[in-house]
Amino acid sequence: MSLDKIRKDIDLLDAQIRELLMKRLDYAEDVVQTKIDDGITKIYLADREQAIIENMNEGIPEERSTAISSFARKMIEISRMHQYSILYDKTENLFDALIEDVEIPQNPKSVRFELIRPNIPGQVAVICGLISDYRYNVTEIRRMDNSTDDSESRLWLTVEGDINDDNMRKMLIQLSQESLGFEILNVA
């Protein structure tokens, strides 16, 4: 088989994957709307996501398991990001609690925040990936002292961007809800 033919087949497959992802996002919209209707604002469910990854790996050869797991994780992250966007758009005052005691300058250019996450491999990459998916840049990241048993990591991050931008707010809501602790330290 020629390289051109293989690439054409991949392009056709990619179009099918795109359509399936669009359908999955439709279902994600149904999930978040049902949660909103029921007064639920919690999107991230680690156990549910792990079950999805395990289901995706069922019957997969071991040598492809890592790739399938990575794909499933990214697909879930995209779905979750979409749900947070809808939650933000449809839930009044969701962001207000995060900025309650924060002084916001006239033309903010960055946000510095602290978050506490489980201390598991790849955690910093997940956070930076999420920030990048929202199209922001991390300009500083510091790992602070850990809990006494090393089960958690406390991180300080500075992200370039305007806190008044809805996209930035959606990102901060997602990070706050997916962290064990979260606080906006300052806006500059």
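Residues numbered from 1 in each chain as written. Predicted model: local features only at pLDDT ≥ 70, side-chain atom pairs only at ≥ 80, totals over all residues. Heavy atoms only, no water.

The computed volume of the largest pocket comes to approximately 560 Å³. Contributing to the lining of the largest pocket are 22 residues, with Tyr44, Ala46, Glu49, Ile120 and Gln123 lying nearest its centre. Counted by class, the lining of the largest pocket contains ten nonpolar, five polar and seven charged residues. What the second largest pocket holds in volume is close to 290 Å³. Arg24, Arg48, Ile52, Ser79 and Gln83 are, among the 14 residues lining the second largest pocket, the residues nearest its centre. Of all the elements in the fold, those that place two or more residues in the lining of the second largest pocket are helix H1 (3–37), helix H2 (46–57) and helix H3 (62–90). Residues that form the lining of the second largest pocket fall into these classes: seven nonpolar, two polar and five charged. (1 Å grid on protein atoms, 1.4 Å probe; cavity = no way out; pocket = protein on both sides within 12 Å on 5 of 7 lines; lining within 4 Å. Points joined across faces, edges and corners; volume = space filled by probe spheres on them. Nonpolar A, V, L, I, M, F, W, Y, C, P; charged D, E, K, R; others polar. Helix = DSSP H or I, 4+ residues; strand = E, 2+ residues; numbered from the N terminus.)

It is worth spelling out unusual backbone geometry at this point. Of note, the phi angle at Asn93 is positive, near 60°, even though the residue is not glycine. On the basis of relative accessibility, which here comes to 57%, the residue Asn93 falls in the exposed class. Of note in this structure, Arg135 is not a glycine but carries a positive phi near 75°. In this fold, Arg135 is placed in the loop between helix H4 (123–133) and strand E2 (137–143). Judged by relative accessible area, which is 76%, Arg135 ranks as exposed. (Buried < 20%, exposed > 50% of the residue type's maximum accessible area, 1.4 Å probe, protein only.)

Our next topic: the pattern of salt bridges. For the coordinates displayed, the defined rule picks out nine salt bridges. Ionic pairing is found between Glu49 and Arg80, a salt bridge with its closest N-O pair at 2.6 Å. With Glu49 in helix H2 and Arg80 in helix H3, this residue pair connects regions lying 31 residues apart in the sequence. Its salt-bridge partner being Lys170, residue Asp89 comes within 3.5 Å of it at the nearest N-O pair. Of the two residues, Asp89 is situated in helix H3 and Lys170 in helix H5 (residues 166–177); the sequence distance between them amounts to 81 residues. Taking the relative accessible area as the measure of exposure, Asp89 reaches 51% and is therefore exposed. Counted as one network, the salt bridges with shared partners bring together Glu49, Arg80 and Glu178. (Salt bridge = Lys/Arg side-chain N within 4 Å of Asp/Glu carboxyl O.)

On to the pairing of strand E3 (residues 152–160). Here nine bridges tie strand E1 (residues 110–118) to E3, and the two strands are oriented antiparallel to one another. Along E3, the bridge assignment pairs Ile116 with Arg154. Sheet analysis places E2 next to E3, joined by six bridges and oriented antiparallel. Bridge pairing in E3 links Val138 to Val159. (Pairing = 2+ DSSP bridges.)

Here the focus is empty space enclosed by the protein. To find the voids left in a structure, one rolls a probe of water-molecule size over its atoms. Enumeration according to the criterion identifies one cavity of 30 Å³ or more in this entry. Approximately 50 Å³ is the volume attributed to the largest cavity. Together, Glu77, Arg80, Met81, Val126, Gly129, Leu130, Asp133 and Gln174 line the largest cavity. Mapped by element, the contributors of at least two residues to the lining of the largest cavity are H3 and H4.

An order of E2-E3-E1-E4 is seen for the four strands of this open sheet, with the pairing classed as antiparallel. Each edge of the open sheet is held by one strand with a lone partner, namely E2 and strand E4 (181–187). Here the strands of the sheet are splayed against their neighbours by 20° on average, with no regard to which way each runs. Running at roughly 140° to E1, H4 makes contact with E1, E2 and E3 of the sheet. Contacts from H5 reach E1, E3 and E4 within the one sheet, and its direction differs from that of E1 by about 25°. (Axes fitted to C-alpha atoms, helices over the stretch in contact; angles between N-to-C directions. Contact = heavy atoms within 4.5 Å.)

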